[in-house]
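The primary structure of each chain is shown beneath.
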Amino acid sequence: MTRLMLGTVGPIEWAAKAAFYGVAAATLFSAWVTVSARNLFRAALGLAGALFGVAVIYLFLEAEFLAVTQLLIYVGAILTLLIFGIMLTARIADPSVPRWNQQVRASLALALGLGLGLCGIFLTTLWRKPVSDSVPMAVLGRSLVSSYLLPFELLSILLLGALVGAMVIARKEEP
Amino acid sequence: MIVPLPHVLCVSAGLFALGLFGALTRRNAIGILMSIELILNSANLNLVAFNRVWGSPDGLGQVMALFVIGIAAGGAVVGLALVLAIFRRQQTISADEIRLLKG
């Protein structure tokens, strides 16, 4: 990382930077489609784009394992589940159904103010010099089964509970 | 790191703001769920970015992000099950048409 920061700015680095900003813009646009699309199926496709963009940003942050996990779990599993849910519930593409409720103006002002305010804070803060290097995948795996073993196992219990609970909630009621 | 940290954080703030807007304004319950997924992703992005520049050597930030992804999966499953159950009873999943508890 220091090698990249200290060296002269080459064409490859420029290309990487341009790629990052392109991916960031595409991610934010997809997120906007997610929250604004009238057709809920289109919103789900926008969410797929946003999640994919976040996975690519993970690659820029040198977190390869997380990027792949993001693709497998979010884009592969959660999104499929959401699309199933959308298709099982009717009236998804009906143009007479309003997409937003009456709080649009207040929410837009709140979200815009919060986003721009946070951005301004991030850009004007004097950050310390970066110190740590990227985490190798072997270190990540080892700490998952040593230092953070207890939350790891608790997460598996939580997922089991969610599985059973979802089946109980969503099954047909007995006559 | 190729790009400066504040720019990554700005992307995360934008995702959070969009997710917040969607969660507050969407009428469809599945739309609200999708907005919440956006918010969780922005939090994950922050965890990974900060872990990259000032993280602990054992990768705590990435481990936390993995846990968040797992919990988000559980939340989506239960949320969708609730949406399906509500749809079966009420024939609607608009969040402002579900007012069983309103006196």
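Residues numbered from 1 in each chain as written. Chains lettered and ligands numbered in written order. Predicted model: local features only at pLDDT ≥ 70, side-chain atom pairs only at ≥ 80, totals over all residues.

In this section: the overall build of chain A. Looking only at helices and strands, chain A features seven helices and zero strands. Of all 175 residues assigned to chain A, the portion counted as buried reaches 23%. Partitioning the intrachain contacts of chain A with sequence separation of at least 6 by distance along the chain shows that 50% fall at a separation of at least 24. (Helix = DSSP H or I, 4+ residues; strand = E, 2+ residues; numbered from the N terminus. Buried ≥ 20, exposed ≤ 12 C-beta atoms within 10 Å, placed from the backbone. Contact = placed C-beta atoms within 7 Å.)

Our next topic: the interface of chain B and chain A. Taken together, the contact between chain B and chain A spans 65 residues of the former and 77 residues of the latter. At the level of elements, helix H1 (5-25), helix H2 (29-54) and helix H3 (60-90) of chain B are the ones that each hand at least two residues to the side of chain B that touches chain A. With 21 residues, H3 of chain B is the single largest residue contributor to the side of chain B that touches chain A. In terms of residue class, the side of chain B that touches chain A is built from 46 nonpolar, 13 polar and six charged. (Nonpolar A, V, L, I, M, F, W, Y, C, P; charged D, E, K, R; others polar.)

This paragraph deals with the domain arrangement of chain A. Split by domain assignment, chain A resolves into domain 1 (12-93) and domain 2 (135-175). Just the C-alpha atoms count here: the centres of domain 1 of chain A and domain 2 of chain A sit 23 Å apart. (Domains from an automatic or database assignment.)

Attention now moves to the nonpolar core. In terms of nonpolar packing, the biggest core is built from 63 residues, with Ile57, Tyr58 and Leu82 of chain A together with Ile30 and Val48 of chain B touching the most fellow members. Sorting the residues of this core by element identifies helix H2 (11-36), helix H3 (40-60), helix H4 (64-88) and helix H7 (149-170) of chain A together with H1, H2 and H3 of chain B as the ones contributing at least two each. Those residues in contact with Val48 of chain B that sit more than four places away from it in its chain are Tyr58, Leu61, Ala63 and Leu66 of chain A together with Gly61, Gln62 and Ala65 of chain B. (Core = buried A, V, L, I, M, F, W, Y, C linked by C-beta atoms within 7 Å.)

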